[in-house]
Amino acid sequence: MTAPAALSAPPARRRGRFGVHLFLTAVSLAFLAPLLLAVYASLRPYEETAAHGYFSLPRHLSFDYYKQAFVDSGMSKYFLNSLVIAVPGVLLTLFLASFVAFAVSRLRIRGGIVLLMVFTAGNLLPQQVIVTPLYVLFNKIPLPYWMSGSLTMYDSLWAVIAVQVAFQLGFCVFVLANFMRTLPREILEAAIVDGAGVWAQYWRVTLPLCRPALAALGTLQFTWMYNDFLWGLVFLSEGDKLPVTSALNNLRGQFFTDYNLLAAGSVLVALPTILVFLLLQRHFIAGLTLGASKG
């Protein structure tokens, strides 16, 4: 009775795996459908899609809209603004979050769990609730002229970076603290026996082991900070300082909007985040799947 059951088990597992792969493929296509439709529309003239619809077969494909979108929106300077916000914001967030997570999870400090709960609870606060208080506060914080032309924190990239770091810090602390708890305690104890101080324990021992988690968080944080539109719109009054997400608004006409041109601009805006994901793909997937192999 056991032999037939053993022979029938592998086909059942294969059918189960086929079903899982079919489901994941369908979900992936559902998520990719808007991006693929935007790319498809950006390669076609607006007159063609207006006459035959967006789901019709193409009669003419070109990259003319991409050149037009890049030039007409002045996207180059907006790209630089977004990178100036996102890159320092991600690095500062990961550094501060990893340091707090190390103190909470690896050092025996009083109130560590309470501190972790406070950082986690900060993510539950809607960002829109504190827009007005932050606007008033940043108008009262003075900055030297070489840091802000308005001599205050308002209308400077420092304000956007500060808000991004503050709001993303809690999530990163929560993730890194839980990841650091899974690291073998013996490694840290061996470093202490060798005379390593707190900084060496953090920088030379713990942080290298957190590289997959940091890469996964770095990818997510760059995507969120780069794609953010709210804080730049609230705290920046000069158009030349706005992030790249605001450049898409320059492609809208007063009486008419070419949505194929807007689709080309959207694809151009999304390219840096796609590039970051492709560069960190291996570390990103490793960081997301590390917990599955524990225990």
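Residues numbered from 1 in each chain as written. Predicted model: local features only at pLDDT ≥ 70, side-chain atom pairs only at ≥ 80, totals over all residues. Heavy atoms only, no water.

(A) Region of the structure containing the packing of helix α5 (residues 112-121) against helix α7 (residues 157-181). At a minimum axis separation of 7 Å, α5 and α7 run at an interaxial angle of 140°. Considering their axes alone, α5 and α7 lie oblique with respect to each other. Contacts between α5 and α7 involve I113, L116, F119 and T120 from the former and L169, G170, V173, F174, A177 and R181 from the latter. By residue class, the composition of the contact of α5 with α7 is seven nonpolar, two polar and one charged. (Axes fitted to C-alpha atoms, helices over the stretch in contact; angles between N-to-C directions. Helix = DSSP H or I, 4+ residues; strand = E, 2+ residues; numbered from the N terminus. Parallel < 35°, antiparallel > 145°, perpendicular 65-115°, else oblique. Contact = heavy atoms within 4.5 Å. Nonpolar A, V, L, I, M, F, W, Y, C, P; charged D, E, K, R; others polar.)

(B) Main features of helix α6 (residues 131-140). Taken as a whole, α6 has its buried residues at V131, L134 and F138. Mapping the buried residues of α6 onto a view down its axis gives an arc of 65°, with all of them on the same face. Structural note: α6 exposes T132 and K140 on the side pointing more than 90 degrees away from its buried face. Those residues of α6 that are buried lie in contact with α7 and α11 (230-235). (Buried < 20%, exposed > 50% of the residue type's maximum accessible area, 1.4 Å probe, protein only. Arc of directions from axis to C-beta.)

(C) Molecular detail of the packing of aromatic side chains. Tallied over the full model, the rule gives 15 aromatic pairs. Aromatic pair Y135 and Y154: ring centres 5.1 Å apart, planes at 80°, arrangement edge-to-face. Separated by 19 residues along the polypeptide, Y135 in helix α6 and Y154 in the loop between α6 and α7 bring together distant segments of the chain. Linked through ring pairs, F95, F99, F102, W199, Y202 and W203 together constitute an aromatic cluster. (Phe/Tyr/Trp six-rings, centres within 6.5 Å; stacked < 30°, edge-to-face > 60°.)

(D) Region of interest: the nonpolar core. Within the largest apolar cluster, 66 residues are counted, with the highest numbers of intra-cluster contacts made by F138, V163, L176, Y226, W231, F235 and V244. The biggest single contributor to this core is α7, with 14 residues. Residues within four places of L176 in sequence aside, it is in contact with L94, A97, S98, A101, A213, L214 and L217. (Core = buried A, V, L, I, M, F, W, Y, C linked by side-chain atoms within 4.5 Å.)

(E) Main features of the pattern of salt bridges. Counted by the stated rule, this structure contains three salt bridges. In this structure, the salt-bridge partner of K77 is D240, at a minimum N-O distance of 3.0 Å. Of this pair, K77 sits in helix α4 (residues 75-105) while D240 sits in the loop between α11 and α12 (259-279), placing them 163 residues apart in sequence. Here D155 ties to K241 by a salt bridge, and the two come within 3.9 Å at their closest N and O atoms. In this pair, D155 sits in the loop between α6 and α7 while K241 sits in the loop between α11 and α12, placing the two residues 86 residues apart along the sequence. (Salt bridge = Lys/Arg side-chain N within 4 Å of Asp/Glu carboxyl O.)

(F) Examining the packing of helix α3 (residues 64-72) against α12 more closely. One way to put it is that α3 packs onto α12 with a least axis distance of 8 Å and a crossing angle of 75°. In terms of orientation, α3 and α12 fall into the roughly perpendicular class. Here Y65, Y66, Q68, A69 and F70 of α3 come into contact with α12, specifically with N260, L261, A264, G265, V267 and L268. Here the contact of α3 with α12 is composed, by residue class, of eight nonpolar, three polar and no charged.

(G) Fine view of the environment of S266. With respect to the helices and strands, the residue S266 is situated in helix α12. For S266, a relative accessible area of 30% gives the class partly exposed. With 20 residues separating them along the chain, S266 and S246 place their C-alpha atoms 11 Å apart.

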